[in-house]
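Examination of the molecular architecture
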Amino acid sequence: MAGLVCALAVLAGCGGGSGSDSATDLPSTTAPAPSTTTSSTTTTTAPVAELAINHVQVVGSHNSYHLKPDPALFDALAALAPALAESIEYSHRPLTEQLETFGIRQLEIDLHADPDGSMFSIGAADALVGLEHSPDPTLSQPGFKVLHTPDVDYATSCLTLIGCLEEIDAWSSAHPTHLPIMIMLEIKSESVPTVAADEGIDLTIQLPWTEPLEATPELLDALDAEIRSVFDADRLIEPDDVRGGGATLEAAVLENGWPSLADSRGKVLFTMTDGGKIRDLYIEGVPNLEGRPIFTNGTPGDPDAAFVRFDDPADLGLDEAVAAGYLVRTRTDRPTVDARTNDTTRRDLALDSGAHFLSTDYYSASEFFDSPYEVELPGGLIARCNPVSAPPTCTDDQLSE
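The rules behind each value
Residues numbered from 1 in each chain as written. Predicted model: local features only at pLDDT ≥ 70, side-chain atom pairs only at ≥ 80, totals over all residues. Heavy atoms only, no water. Helix = DSSP H or I, 4+ residues; strand = E, 2+ residues; numbered from the N terminus. Buried < 20%, exposed > 50% of the residue type's maximum accessible area, 1.4 Å probe, protein only. Areas by Shrake-Rupley, 256 points an atom, 1.4 Å probe, with all protein chains shown as cover. Core = buried A, V, L, I, M, F, W, Y, C linked by side-chain atoms within 4.5 Å. Contact = heavy atoms within 4.5 Å. Pairing = 2+ DSSP bridges. Axes fitted to C-alpha atoms, helices over the stretch in contact; angles between N-to-C directions. Phe/Tyr/Trp six-rings, centres within 6.5 Å; stacked < 30°, edge-to-face > 60°. Lys NZ or Arg CZ within 6 Å of the ring centre and 35° of its normal. pLDDT = per-residue confidence, 0-100. Polar contact = N/O pair within 3.5 Å; in protein donor to acceptor, adjacent residues only side chain to side chain. Expected span 1.5 Å × (residues − 1). Arc of directions from axis to C-beta. Right-handed = clockwise from strand over helix to strand, strands pointing away. Disulfide = S-S within 2.5 Å. Salt bridge = Lys/Arg side-chain N within 4 Å of Asp/Glu carboxyl O.

Our next topic: the overall build of the protein. The secondary structure content of the protein amounts to 14 helices and ten strands. Counting all 401 residues of the protein, 58% fall into the buried class. By element, 52% of the accessible surface of the protein is carried by carbon and sulfur atoms, the whole surface being about 15500 Å².

Turning to the nonpolar core, a few remarks are in order. By size, the foremost hydrophobic cluster in this structure holds 85 residues, and its most contacted members are Leu165, Ile168, Ile183, Leu185, Trp258 and Phe270. Of all the elements, strand 4 (residues 181–187) adds the most residues to this core, at six residues. Discounting chain neighbours no more than four positions away, the residues touching isoleucine 183 are Leu107, Ile109, Leu165, Ile168, Val268, Leu269, Phe270 and Thr271.

Once that is clear, we can look at the sheet that holds strand 7 (residues 307–309). Through backbone hydrogen bonds, the strands of a sheet pair up, either in parallel or in antiparallel fashion. Pairing is mixed across the open sheet formed by five strands, whose spatial order is 7-8-9-1-10. Edge strands, defined here as strands with exactly one partner in the open sheet, are strand 7 and strand 10 (383–385). Pairwise comparison of adjacent strand axes, ignoring direction, gives a mean angle of 25 degrees for this sheet. Bridge analysis of strand 8 (residues 327–331) against strand 9 (residues 357–360) gives three bridges, and the strand direction is parallel.

Attention shifts here to the packing of aromatic side chains. For any pair of aromatic rings, geometry is given as the distance between the ring centres together with the angle between the planes. Considering all chains together, one arrives at five aromatic pairs under this definition. A centroid spacing of 5.0 Å and a plane angle of 55 degrees characterise the contact between phenylalanine 102 and tyrosine 363, whose relative ring orientation is tilted. One end of the pair, phenylalanine 102, is in the loop between helix 4 (95–101) and strand 2 (106–112); the other, tyrosine 363, is in the loop between strand 9 and strand 10, and 261 residues separate them in sequence. Like tyrosine 363, phenylalanine 102 is buried. Seen from their ring centres, phenylalanine 231 and phenylalanine 270 are 6.1 Å apart, and the 65 degrees between their planes marks the pair as edge-to-face. On the criterion of sequence distance, the pair formed by phenylalanine 231 in the loop between helix 7 (217–230) and helix 8 (239–243) and phenylalanine 270 in strand 5 (residues 268–272) is long-range, its members being 39 residues apart. Through a chain of ring-to-ring contacts, the aromatic side chains of Tyr362, Phe369 and Tyr373 assemble into a single cluster. The side chain of lysine 68 reaches across the aromatic face of phenylalanine 74, ending 4.3 Å from its centre. We note arginine 292 situated over the ring of tyrosine 282; from NZ or CZ to the ring centre the distance is 4.1 Å.

Our next topic: the sheet that holds strand 6 (residues 294–295). The five strands are arranged 3-2-4-5-6 in an open sheet whose pairing can be described as mixed. A single partner strand is all that each edge strand has here, and the edge strands are strand 3 (145–146) and strand 6. Pairing of strand 5 with strand 6, which is carried by two bridges, proceeds in the parallel orientation. Residue pairing for strand 6: threonine 271 is matched across the bridge by phenylalanine 295.

Looking now at the confidence of the model for the protein. Detailed reading of the predicted coordinates is not advisable wherever pLDDT is low. Considering every residue of the protein, the mean pLDDT works out to 88; 85% of them sit at 70 or more. Confidence drops under a pLDDT of 50 for residues 1–49, and excluding neighbours within four residues, the segment shows 137 contacts in the predicted structure.

Before going further, it helps to examine the side chain of threonine 395. Its location among the elements puts threonine 395 in the segment after strand 10. For threonine 395, a relative accessible area of 2% gives the class buried. Side chain to side chain, threonine 395 and aspartate 397 meet in a polar contact 2.5 Å long.

If you check helix 7, its first and last C-alpha atoms are 21 Å apart, about what 14 residues at 1.5 Å a residue would give, namely 20 Å. All of the buried residues along helix 7 are Leu219, Leu220, Leu223, Asp224, Glu226, Ile227 and Val230. Taken around the axis of helix 7, the buried residues stretch over an arc of 155 degrees, which confines them to a single face. Turned more than 90 degrees from where helix 7 packs its buried face, Glu218 and Ser229 sit exposed. Elements that come into contact with the buried residues of helix 7 comprise strand 2, helix 5 (161–174), strand 4, strand 5, helix 11 (276–282) and strand 6.

Of all the five residues making up strand 5, five are buried; the element is thus mostly covered by neighbouring parts of the structure. Neither face of strand 5 is open: one carries Val268, Phe270 and Met272, the other Leu269 and Thr271, and all of them are buried. Each parallel crossover has a hand, and for strand 5 linked through helix 11 to strand 6 it is right-handed.

Right, let's talk about the state of the cysteines for a bit. Summed over all chains, the structure comprises two disulfides. Disulfide pairing is shown between cysteine 158 and cysteine 164; the S-S distance is 2.0 Å. One quick way to see it: the torsion about the S-S bond of cysteine 158 and cysteine 164 is about 85 degrees, and its sign makes the bridge right-handed. Judged by relative accessible area, which is 7%, cysteine 158 ranks as buried. Assigning the bonded cysteines of the protein consecutive numbers by sequence position, one obtains the connectivity 1-2, 3-4.

Residue placement: threonine 332 occurs in the loop between strand 8 and helix 13 (337–341). Residue classification places threonine 332 among the buried positions, given a relative accessible area of 0%. Spatially, the C-alpha atoms of threonine 332 and serine 61 are 9.9 Å apart, while their sequence positions differ by 271 residues. Each residue touching threonine 332, except ones within four places of it in the same chain, is listed here: Arg346, Arg347, Ala350, Leu358, Ser359, Thr360, Tyr373 and Val375.

This next bit is on the pattern of salt bridges. Scanning the entire structure with this criterion turns up 20 salt bridges. The partner of aspartate 221 in a salt bridge is arginine 292, and the shortest N-O contact between them spans 2.9 Å. Linking aspartate 221 in helix 7 with arginine 292 in the loop between helix 11 and strand 6, this pair joins segments that are 71 residues apart in sequence. Relative accessible area serves as the criterion here: at 9%, arginine 292 is assigned to the buried category. Connected through salt bridges with shared partners, the residues Lys68, Glu86, Glu89 and Arg340 form a single ionic network.

Right, dumping it as C-alpha cells:
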C-alpha cells in the first residue's frame, strides 16, 4: 500500500497543471446573461464584421472533463500526501452545462491513444483499494480516450474524444450564433512507473500499470480523423482558413489577422497543448499545418506559429504576443492553490492581460473546500472586448450571442 500511495503522490504532483499541465453534481448557478453593457472607452459602434476572433476575451476551463477520483483512491493518497491530493481535488460540470450555464468558450481535453480499445478499461490500483466495478463497454472501443492519469486519476465526464466532441457539437448545433469555441487538446503518454522514475522515486509495488502509447504519425492522423468525423469543414476554423494565400501561417496571422467574428460564429477551433516531439511530428511535411485541423502550440518565428500558450499570466511575453497578432491562452489559477486561499492575484493579472482564453477550474466555487474564489469576466459577461487587441470601436454588446 505504501508503494501505491507513493505512486499516487507522484502523479498528483506532476499532473495537476495542464501544460504538462484537471461531473459530479455541483450547486447550480445562474446562467450568464446576454451582454447589454458597452465599453466605457468609446461610444462609436463598428460593424461586427470588422471584429476578428482575436479581438475577444473569454473564460475557459482547465481539464474540462476531470472528476475528483473515487473516494477510495483519493483517501489513500490524502492519508500520506495531503498536499498532493489537494492538487487533483476538483471536478468539472458536464461539458454541456459549462457551455450553456457558465458561458465557457474554451475547453481542454487530455487524450490517450487506444487504437485497439480496452487499454484503459481497468485501473491497476483499483483492487488494492477495494474498488470493484465492471468496465464501461465504451472503453473497449478503439479510439482516443479522455482521462488525466491512467490507473489513478482517470475519472471523467466523457470517456472518449468522439464522445466529448459529439456533446460539444450537439450544443453548438443548437446555438448556431455562439462565439467560436476553442478546444485545446493534450496528447499524453506517461505511465505510473515513468512518472515515478522522472521524480526519482523507486516503486516498490509491482502492478500491471498501463503503458500508454507514444504519439506516432499514424496516431496523429487518426486524431485528425476523429475530429473530422464529428465536425464538418464548414464548422471548423482551420489553419488553412487562416493562412489563405499567405507565405506561412505565421505571416498570415501577423500581416492579415484572424477570421472575422461574423464568419466564425457557430464554429470551433482546435489547438494543441503539446510542443516538442509531438508538435514536430504533427508538422512533418506540412510546416504551415497544410490540411491539418489543429493549430500547434507555436514558437514565434516558426512558420506554424499562430496560437501561443502562456500558463503564467505574469509572463512578460504574453501581451507582446497578443499585440503582434497571435492567439493566446493563459491560466488564472494554479491547481487548487489560489482557490483554497482565495488569492486573486493571478486571476486579476490574467483578466488585465490580453490573453484571449482565461483557463480556470473555478467558473463556480469549489464544492470540496470553503472558498468564494471564482473566475468570471466583469459584469458576468460571456465575452468582452479584449483589453489589449480589440479596436477602440469594439463594444461588448457586439459580442452577445
